[in-house]
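# Per-entry structural report
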Amino acid sequence: MPIRVGIPRALLYYYYFPLWQDFLQRLGAEVVVSDLTTKGILTRGVEHCVDEACLPIKLAFGHVKNLVDKKVDAIFLPRMVSVAQGEYICPKFLGFPDMVKQNVPGLPTVIDTAINVRKKQQDIHRFTREVGVHFNKGAVKSWLAYQRSLPIHIRYTKLLEQGHLPDEAVAVLAGKKPKALAETDLKVAVIGHPYNIYDPFISMNLISRLRKSGVKVITADNLTEQMVSQGVKRLPKKLFWTLSRRMTGGALTLHDTNAVDGIIHVAAFACGPDSMTGELIERFIRRDRKVPFMNINLDEHTGEAGVVTRLEAFLDMVRWRRQAV
Ligand code: SF4
């Protein structure tokens, strides 16, 4: 019987799910993903998490609880320290496996091997070896499994860069026909952490609402690394948080190249990095006054009606400006 390993549909799931799924399957696991976010999943997360945590961490607790209910044999919660040299992931990711182990009752085995390539890329060897131990696989087999999974990650990243959303890219990798991307000349950038903008429940269907209003949505993940690097060159200092760097670089590139008609920044309440990068993006964009900018703050109490009203007003302004210039 294969070991059933759960992956929470939260946090860096939106960047690494195809890679993690393929790697774990090659090691012999049966992968189980937590359900789509619902009010119930969020409520359970809030119940088990400390009050001070940000919304995405609370939600991730709810997804872990959902996997516990599915009676998986193990939960894959890699300790995300750094995924790029010289950069870090937010410290809340680092402590997340410990927070879960302290606060969620009835947990199965937690695979919480660290991913930390800040100093050297080769650290990924250690990661694969330590994960492999859970499946009785040696260092060589585990490393080969990981190497053979990398092409799927490259294909996934390419699909995102072609304009697909993570769930659409996952569907294409699973053999579905790629969704035709709507051609419209009204373009709006949605800038935010992947777990905020791509989770339909948490974002209150922001992206599909925009698409239904005839808007082409562009996110920082639809840009190549080269385009992101171009944007961050404007900053006086290097941003060492990987996700914040991508968001800021993406927003500034889209703005500077006149690639969008408006920019929406989505931030999570109680997020330290968001409060800084949101401010940075807003200052640069408002200084040039080229395109309308809107900030949306999400927490577990954010009302949908308020967000919808603001979105409609924002789109009216974007359209009006386009006609005026
Ligand atoms: S970056 Fe912000 S939203 Fe993401 S885990 Fe850290 S504090 Fe939470």
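Residues numbered from 1 in each chain as written. Predicted model: local features only at pLDDT ≥ 70, side-chain atom pairs only at ≥ 80, totals over all residues. Heavy atoms only, no water.

Right, let's get into the pattern of salt bridges. Within the structure shown, the criterion is met by 22 salt bridges. A salt bridge links Arg126 to Asp123; the shortest N-O distance between them is 2.6 Å. Placement of the pair is Arg126 and Asp123 together in helix 5 (residues 123-133), with a separation of 3 residues, close to one helical turn. Residue Arg126 is classed as buried on the basis of its relative accessible area, which comes to 19%. For Asp123, a relative accessible area of 15% gives the class buried. The partner of Glu225 in a salt bridge is Arg245, with the nearest N and O atoms 2.7 Å apart. Highlighted residues: Glu225 in helix 10 (residues 225-232) and Arg245 in helix 11 (residues 242-256), separated in sequence by 20 residues. Each of Glu87, Asp221, Glu225, Lys238, Arg245 and Arg246 takes part in salt bridges that share partners, so that together they form one network. (Salt bridge = Lys/Arg side-chain N within 4 Å of Asp/Glu carboxyl O. Helix = DSSP H or I, 4+ residues; strand = E, 2+ residues; numbered from the N terminus. Buried < 20%, exposed > 50% of the residue type's maximum accessible area, 1.4 Å probe, protein only.)

An order of 8-7-9-10 is seen for the 4 strands of this open sheet, with the pairing classed as parallel. Lying at the two open borders of the sheet, with one neighbouring strand each, are strand 8 (216-218) and strand 10 (293-298). In this sheet, adjacent strand axes meet at a mean angle of 25° when their direction is disregarded. Bridge analysis of strand 9 (residues 262-268) against strand 10 gives 6 bridges, and the strand direction is parallel. (Pairing = 2+ DSSP bridges. Axes fitted to C-alpha atoms, helices over the stretch in contact; angles between N-to-C directions.)

A few words on helix 7 (residues 166-173). All of the buried residues along helix 7 are Pro166, Glu168, Ala169, Val172 and Leu173. Across the axial projection of helix 7, the buried residues extend over an arc of 160°, all falling on one side. Trailing helix 7 by a residue or two, Gly175 shows a phi angle of about 105°, which is positive. (Arc of directions from axis to C-beta.)

This paragraph deals with the nonpolar core. The biggest cluster of nonpolar side chains holds 78 residues, and the ones touching the most others in it are Leu12, Leu24, Phe76, Phe96, Val131, Leu210 and Ile264. Looking at this core element by element, the count peaks at 9 residues for helix 1 (residues 13-26). Among residues more than four places away in sequence, those in contact with Leu12 are Phe17, Trp20, Met80, Ile89, Phe93, Tyr195 and Leu243. Counting 15 residues, the second largest nonpolar core, distinct from the first, contains Ile263, Ile281, Ile285 and Phe293. (Core = buried A, V, L, I, M, F, W, Y, C linked by side-chain atoms within 4.5 Å. Contact = heavy atoms within 4.5 Å.)

Okay, helix 4 (residues 91-103) next. An α-helix turns once per 3.6 residues; consequently, residues spaced three or four apart project the same way. In a regular helix each residue adds 1.5 Å, so 13 residues correspond to 18 Å; helix 4 covers 18 Å between its end C-alpha atoms and thus fits that length. Helix geometry: helix 4 is bent most strongly at Pro97, by close to 35°. Every buried residue of helix 4 is listed here: Phe93, Phe96, Pro97 and Val100. At its buried positions, helix 4 is contacted by helix 3 (55-69), strand 4 (79-82) and helix 8 (194-197). (Expected span 1.5 Å × (residues − 1). Bend = angle between axes of the 7 residues up to and from the residue.)

With that out of the way, let us pick up the domain arrangement of the chain. If you check the domain split of the chain, you get domain 1 (3-172) and domain 2 (182-324). Facing the 34 residues of domain 1 at the interface are 26 residues of domain 2. With both chains or domains summed, domain 1 and domain 2 bury close to 2,600 Å², and 64% of this area falls on carbon and sulfur atoms. Its largest share of buried area at the contact with domain 2, domain 1 owes to Tyr15, Leu55 and Glu87, together 23% of the area lost on that side. (Domains from an automatic or database assignment. Buried area = accessible area lost by both parts, 1.4 Å probe.)

Take unusual backbone geometry next. Positive phi values are uncommon outside glycine, yet Asn205 reaches one of about 60°. In this structure, Asn205 sits in the loop between helix 8 and helix 9 (206-212). Positive phi, close to 55°, is recorded for Asn258, a residue that is not glycine. Note that Asn258 resides in the loop between helix 11 and strand 9. By relative accessible area, which is 54% here, Asn258 ends up exposed.

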